Amino acid sequence: MAGLPHTLEMLPALRHTDGMLRNVAVVLLDGVHPFELGVLCEVFGLDRSDEGLPVYDFAVASAEGPTLTTPAGFTVSTPYGLQRLDEADLIAVPAGQSYVGREFPPGLLDALRRAVDRGARVLSVCSGVFLLGAAGLLDGRRCAVHWRHAEELARRYPRAVVEPDVLYVDEDPVITSAGTAAGIDACLHLVRKEQGPEVANAIARRMVVPPHRDGGQAQYIERPLPRSRCDTVGEVLVWMEEHLDEEVTVEQLADRAHMSPRTFARRFQQETGTTPYRWILRQRVLLAQRLLEATDETMDAIAGRTGFGTAAALRHHFVRALGTTPHAYRRTFRGPRAA
């Protein structure tokens, strides 16, 4: 145990391995977002040795000069440049303004590649993942990003496997997280992985956040009701939205559209991009979300109004679509008293 910080020795739950997380560098570019930077500073940059928690060798480094601007109207200064990344076990990249479409400094891209080649980890928060993509570190790897940027990330880096519904993805040595607060989830996951649940839970308690959140970011995505690109099935879609609590068949819907069932199914697929069954199932989940957010109705009542019939069926389809239960969703968006 020689050479390890005293605070690490006080925690028997830690796994003292060669891959121990000790040295953390956060790399900044002009336009860095303060909250995402703050997340990384809060998890890795504070001295919590009074509680027997690890103290990381932490630094903030700049890739674009000693003073950087933020969208919040203040500047951030640091004496460290890219050289600081060469000694880090973990290089973290917070989000920033225009990261989605900007060019990145070649020296920074090279530093990230060298870090991964020597066995270091890289972790991105929200749009910071675009920097990892530019460095080629997403090629062939699953990755997470804020749901608003998922399509653009997949377009820019087609060799990346974008997971739009999850809070974070650990494709060691590359860890990526979704929007804003999902960076907390990714950081605590890494602490839990390297230093055990006791350390991660203690840091979470100090931050007054859950050490692990249920579900993914699918529950936070706004999905407007899809509309037809022409009038062939438009009137039927309106009718379906108004009768979600009813059981309907393709034959009944085709009859309303004055088509054969086969023709209706083909036209429906062409104009909505999905099948009648999947379309109505998605609208039922959307209605359930709205009712859970805005009403105190019971699960049985919501199941009836949405056409799922029973609370068990509601739960099954809700979990399948959003990765969380109706009760957990209501707690998230209305608080524990409502649930």
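Before reading further, recall that the structure is shown in the block above.
Not measured: the values here are computed from a predicted model.

Undergrad: Help me understand the environment of Thr332, please; the structure alone is not making it clear to me.
TA: Structurally, Thr332 is set in helix α14 (residues 326–334). When its relative accessible area of 41% is taken as the criterion, Thr332 is described as partly exposed. For Thr332 and Glu293, which are 39 residues apart along the polypeptide, the C-alpha to C-alpha distance reads 9.0 Å.

Undergrad: Help me understand unusual backbone geometry in this model?
TA: Negative phi values dominate among residues other than glycine, just as trans dominates among peptide bonds. Here the residue pair Asp172 and Pro173 is connected by a cis peptide bond, since its omega of 15° sits within 30 degrees of zero. Within the fold, Pro173 resides in the loop between β9 (168–171) and β10 (174–177). Here the phi dihedral of Cys126 falls at roughly 55°; this positive angle occurs in a residue that is not glycine. Its place among the elements puts Cys126 in the loop between β6 (121–125) and α4 (129–134). For Cys126, a relative accessible area of 7% gives the class buried. Of note in this structure, Val208 is not a glycine but carries a positive phi near 60°. Looking at where Val208 falls in the secondary structure, it is placed in the loop between α7 (197–207) and α8 (234–242). With relative accessibility at 73%, the residue Val208 sits in the exposed group.

Undergrad: Just checking my understanding: could you explain the pattern of salt bridges for this structure?
TA: When the charged atoms of two side chains with opposite charge come close together, those side chains can pair. Here the structure, examined in full by the defined rule, presents 18 salt bridges. Each member of the salt-bridge network shares a partner with another, and the members are Arg121, Asp170, Asp172, Lys193 and Glu194.

Undergrad: Whenever I open this one, the packing of aromatic side chains confuses me. Can you help?
TA: A ring pair, where both rings are aromatic, is described by two values, the distance of the centres and the angle of the planes. Summed over all chains, the structure comprises 6 aromatic pairs. Pairing Phe268 with Trp279 gives two aromatic rings, centres 6.3 Å apart and planes at 90°, and the pair type is edge-to-face. Of this pair, Phe268 sits in helix α10 (residues 261–272) while Trp279 is found in helix α11 (residues 276–294), placing the two residues 11 residues apart along the sequence. For the pair Phe268 and Trp279, a shared accessibility class is recorded, and that class is buried. Arranged with centres 5.4 Å apart and planes meeting at 75°, the rings of Phe318 and Tyr329 form a pair that is edge-to-face. Residue Phe318 is found in helix α13 (residues 311–322), and its partner Tyr329 is found in helix α14; the two are separated by 11 residues along the sequence. For the pair shown, Phe318 and Tyr329 are each scored as buried. Counting every residue linked through ring pairs, the aromatic cluster contains Phe264, Phe268 and Trp279.

Undergrad: Would you take a moment to explain the packing of α11 against helix α12 (residues 299–306) for this structure?
TA: A pair of packed helices is characterised by two quantities: the angle between their axes and the separation of those axes. Where α11 meets α12, the closest approach of the two axes is 9 Å, and the angle between their N-to-C directions is 145°. Helix-helix and strand crossings are classified by hand; for α11 and α12 the assignment is right-handed. Here Arg284, Leu287, Ala288, Leu291 and Leu292 of α11 lie close against α12, whose contacting residues are Met299, Ile302, Arg305 and Thr306. The residue makeup of the contact of α11 with α12, split by class, is 6 nonpolar, 1 polar and 2 charged.

Undergrad: Please explain the sheet that holds strand β1 (residues 23–28) as it appears in this structure.
TA: Two pairing modes exist for strands in a sheet, parallel and antiparallel, and in both the strands are linked by backbone hydrogen bonds. Pairing in this open sheet of 6 strands is mixed, and the strands run β2-β1-β5-β6-β10-β9 from one edge to the other. Each edge of the sheet is formed by a strand with only one pairing partner; in this case those strands are β2 (57–62) and β9. In this sheet, neighbouring strand axes are inclined to one another by 15° on average, regardless of whether the strands run parallel or antiparallel. Where strand β5 (residues 90–93) meets β6, 4 bridges bridge the pair, whose relative direction is parallel. Looking at β6, one finds that Ile91 is bridged to Val122. Along the sheet, helix α6 (residues 182–195) contacts β5, β6, β9 and β10; its crossing angle with β6, the most-contacted strand, is approximately 155°.

Undergrad: Any chance you could explain the packing of α6 against α7 here in plain terms?
TA: Packing of α6 against α7 leaves a shortest axis separation of 7 Å and a crossing angle of 150°. Only Pro197, Val199, Ala200, Ile203, Ala204 and Met207 of α7 make contact with α6, whose side of the interface consists of Ile184, Leu188, Val191, Arg192 and Gln195. Residue classes in the contact of α6 with α7 are distributed as 9 nonpolar, 1 polar and 1 charged.

Reading guide: rules and limits
Residues numbered from 1 in each chain as written. Predicted model: local features only at pLDDT ≥ 70, side-chain atom pairs only at ≥ 80, totals over all residues. Heavy atoms only, no water. Helix = DSSP H or I, 4+ residues; strand = E, 2+ residues; numbered from the N terminus. Buried < 20%, exposed > 50% of the residue type's maximum accessible area, 1.4 Å probe, protein only. Salt bridge = Lys/Arg side-chain N within 4 Å of Asp/Glu carboxyl O. Phe/Tyr/Trp six-rings, centres within 6.5 Å; stacked < 30°, edge-to-face > 60°. Axes fitted to C-alpha atoms, helices over the stretch in contact; angles between N-to-C directions. Left-handed = near helix turned anticlockwise from the far one by under 90°. Contact = heavy atoms within 4.5 Å. Nonpolar A, V, L, I, M, F, W, Y, C, P; charged D, E, K, R; others polar. Pairing = 2+ DSSP bridges.

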